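Topology and contacts: notes
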Amino acid sequence: MIKTYENEYKDIIDKERPRHDGDAFEARHPKMSREARAKIFAPFAALKGHEEAIENTGRLHSLNSEIDYENIYDN
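Computed from a predicted model, the values in this text were never measured in an experiment.

Focus: the overall build of the protein
Per the secondary structure count, the protein includes 4 helices and 0 strands. Listing each helix as α and each strand as β along the protein from the N terminus yields α-α-α-α.

Here is the structure:
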């Protein structure tokens with residue numbers, strides 16, 4: 001079943017963004033530029049090196065499958 005949030009957020013969904021014209025909040029939290037916000041919300045690699053580790057594991061498995069173990073021990 002798909003949950004809908006229509007009723008849960010009905011009281012806030014159509015509200016405008018709060019305005020902070022020179023108040024204490026705005027002094028502590030100045031409006032960010034579009035570029036600064038983009039840096040924060042840009043995609044990032046949560047697990048650095050994870051892709052490389054998976055690729056290396058794949059290489060090891062394909063190398064392992066190419067080795068003919070029967071012929072190694074016969075000699």
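Structural notes on a positive patch on the surface
Residues Arg17, Arg19, Lys31 and Arg37 make up a contiguous surface patch of positive charge. Tracing the sequence through the fold places Lys31 in the loop between helix H1 (24–28) and helix H2 (34–41).

As for a nonpolar patch on the surface
Together, Tyr5, Tyr9, Ile12 and Ile13 make up an exposed nonpolar region whose accessible area comes to about 420 Å². Relative to the helices and strands, Tyr9 is located in the segment before H1.

A closer look at the confidence of the model for the protein
Averaged over the protein, the pLDDT score is 78; the fraction of residues at 70 or greater is 79%. Averaged pLDDT values over the elements of the protein bottom out at 63 in helix H4 (residues 69–74) and peak at 89 in H1.

Rules used in this analysis
Residues numbered from 1 in each chain as written. Predicted model: local features only at pLDDT ≥ 70, side-chain atom pairs only at ≥ 80, totals over all residues. Heavy atoms only, no water. Helix = DSSP H or I, 4+ residues; strand = E, 2+ residues; numbered from the N terminus. Patch = residues over 30% accessible without salt bridge, like charges linked within 9 Å, V, L, I, M, F, W, Y side chains within 5 Å. Areas by Shrake-Rupley, 256 points an atom, 1.4 Å probe, with all protein chains shown as cover. Salt bridge = Lys/Arg side-chain N within 4 Å of Asp/Glu carboxyl O. Lys, Arg positive; Asp, Glu negative; His and termini not counted. Charge placed at Lys NZ, Arg CZ, Asp CG, Glu CD. pLDDT = per-residue confidence, 0-100.

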